[in-house]
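Each chain is listed here by its residues.
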Amino acid sequence: MCDSCGCDLTDNHSHKTDSRVIEVHQSLLAANDAIAAENRAHFEAMGVVAINMISSPGSGKTTLLEKTIERLKGKIRIGVIEGDIETDRDAQRIRAKGVPVVQMTTGGACHLDAAQIHKGLHLLEKEPGGDQLDLLFIENVGNLVCPATFDLGEHQRVVLVSVPEGPDKPAKYPKAFISSQIFVITKTDLLPYFDFPVAEAKADALHLNPRLQVMALSATSGEGFEAWIEYLQEVTENKGSGVQAGGRKEGTYP
Amino acid sequence: MHEMSLVQALLAQLTTLAAEHDKKRVITVTLDIGPLSGVVIDSFQFGFDILSAETSLTKGAKLIIINPPATYQCIRCGHRQSAAVRPDHCPECNETLLIPEGGDAIILNQVEME
Ligand SMILES: Nc1nc2c(ncn2[C@@H]2O[C@H](COP(=O)(O)OP(=O)(O)OP(=O)(O)O)[C@@H](O)[C@H]2O)c(=O)[nH]1
Ligand SMILES: [Mg+2]
Ligand SMILES: [Zn+2]
Ligand SMILES: [Zn+2]
Ligand SMILES: [Zn+2]
Ligand SMILES: [Zn+2]
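Thresholds applied
Residues numbered from 1 in each chain as written. Chains lettered and ligands numbered in written order. Predicted model: local features only at pLDDT ≥ 70, side-chain atom pairs only at ≥ 80, totals over all residues. Heavy atoms only, no water. Donors = N, O, S within 2.8 Å, 3.2 Å for Na, K, Ca; no water. Tetrahedral: all angles 85-135°; square planar, octahedral: opposite > 155°, others 65-115°. Helix = DSSP H or I, 4+ residues; strand = E, 2+ residues; numbered from the N terminus. Buried < 20%, exposed > 50% of the residue type's maximum accessible area, 1.4 Å probe, protein only. Contact = heavy atoms within 4.5 Å. Buried area = accessible area lost by both parts, 1.4 Å probe. Salt bridge = Lys/Arg side-chain N within 4 Å of Asp/Glu carboxyl O. Polar contact = N/O pair within 3.5 Å; in protein donor to acceptor, adjacent residues only side chain to side chain. Nonpolar A, V, L, I, M, F, W, Y, C, P; charged D, E, K, R; others polar. Axes fitted to C-alpha atoms, helices over the stretch in contact; angles between N-to-C directions. Parallel < 35°, antiparallel > 145°, perpendicular 65-115°, else oblique. Left-handed = near helix turned anticlockwise from the far one by under 90°.

## Description of the coordination of the zinc ion (ligand 6)
Residues and elements named next belong to chain B.
Phase 1 of the analysis: The zinc ion (ligand 6) binds to the protein through Cys 74 (SG), Cys 77 (SG), Cys 90 (SG) and Cys 93 (SG), with metal-donor distances spanning 2.3 to 2.4 Å.
Phase 2 of the analysis: Geometry at the zinc ion (ligand 6) is tetrahedral, judged from its 4 donor atoms and the angles of 101 to 118° they form at the metal.
Phase 3 of the analysis: Mapping the donors of the zinc ion (ligand 6) onto the primary sequence yields the spacing C-x2-C-x12-C-x2-C.

Right, dumping it as structure tokens:
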């Protein structure tokens, strides 16, 4: 076989240059996805359900986690991996609630990747109670675009939009909505002050992803919190079975 | 700009391939970037132009990006259609809820090297 082009001819043909086309057919995310699969196996070995929280900066991810921890104290053992570009302020807020937490700072990168979660997971297991969890929240870097591309090995992905951001976010940032299972509209206590037709935002999101489950809540007033708590209880109770069914299958993100 | 991270992943893959095949220079790189991949092709090209110029292996390499369509399945009647831009409704039953399938890949298909 010819070494230059891989053809079967052994004589009577020449190659103008010594160039050769190599067939690769591999995802650019292959390295990330391989680590994400390891993370998923690690979560399952720990018996923990992992939820990746994605939103723009300031949509209320950390506040929602603070209130969720208060509500589920003594019922569900929660741990958190915080992702931010700089500072451990969000981790300090979570630590004040008395649950195991680690802060991953990306030093500039606008998203978490699977390798950072792998590292975070090992650090979390060293925290008191960090290896005895039912539910692990991963708060991604505040950004509605880039985090959607990177599988972290999570079982469920939650995308959040707050009322002040406006209802057009699903239409403008489709990827985050297509790849999530849950869409939470936050800060509903502010609905009287902003033009945010909830039905329109919901319809736009369902148009992109008809399987999306939509919730609307306020961490401040507690309105709409029951559906969120019920969802969390359901995914943690059904770990190993319901999560697989309700969650996503391996390799369904690029 | 996660496109930069993806370009870095591409260049790492090219470096490995060149070593495996004992090649010194990349001539063309062919990628599939789906319409639902979340990748802005102009940003990807921009990142590639900057980072590829930094090493002799990829300096002057040409990037060919193919944008394959995604498939949309109607939630009501199951009809499938292939489209580059999300269709508004199902041509069979007019349903507006369509589930996207595929179209989200970012794949390195071929590399020409010498
Ligand atoms: N009115 C109102 N304000 C809220 C609510 N939830 C959060 N906030 C406020 O919104 C601001 C941002 O909240 P965070 O929880 O820090 O938002 P985040 O998404 O964690 O922000 P980043 O981590 O920086 O991306 C804070 O001033 C919160 O007090 C809510 O339900 N109602
Ligand atoms: Mg936060
Ligand atoms: Zn030949
Ligand atoms: Zn490990
Ligand atoms: Zn980015
Ligand atoms: Zn139809």
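## Focus on the side chain of Thr 30 of chain B
Phase 1 of the analysis: Tracing the backbone through its elements, the reader meets Thr 30 of chain B in strand β1 (residues 26-33).
Phase 2 of the analysis: Judged by relative accessible area, Thr 30 of chain B falls into the buried class, the value being 11%.

## Re the interface of chain B and chain A
Phase 1 of the analysis: Counting residues at the interface gives 36 residues for chain B and 29 residues for chain A.
Phase 2 of the analysis: Counting the surface lost from both chain B and chain A, the interface buries some 2700 Å², and carbon and sulfur atoms represent 60% of this.
Phase 3 of the analysis: Remark: the boundary between chain B and chain A carries 0 salt bridges.
Phase 4 of the analysis: Seen at the junction of chain B and chain A, the total is 16 residue pairs in polar contact (both at pLDDT 80 or more).
Phase 5 of the analysis: At the level of secondary structure, the elements contributing two or more residues to the side of chain B that touches chain A comprise α1 (2-21), β1, β5 (98-101) and β6 (106-113) of chain B.
Phase 6 of the analysis: By residue class, the composition of the side of chain B that touches chain A is 21 nonpolar, 9 polar and 6 charged.

## Description of the packing of α1 of chain B against helix α2 (residues 41-52) of chain B
The packing of two helices is summarised by the inter-axis angle and the distance between the axes.
Residues and elements named next belong to chain B.
Phase 1 of the analysis: Interaxial distance between α1 and α2 falls to 9 Å at its minimum, and their mutual angle equals 50°. Overall, the two elements α1 and α2 adopt an arrangement that is oblique. Crossing handedness for the pair α1 and α2: right-handed. Here α1 contributes Glu 3, Met 4, Leu 6, Val 7, Gln 8, Leu 10 and Leu 11 to the contact with α2, which in turn contributes Ser 43, Phe 44, Gly 47, Phe 48, Leu 51 and Ser 52.
Phase 2 of the analysis: When grouped by side-chain class, the residues that make up the contact of α1 with α2 number 8 nonpolar, 4 polar and 1 charged.

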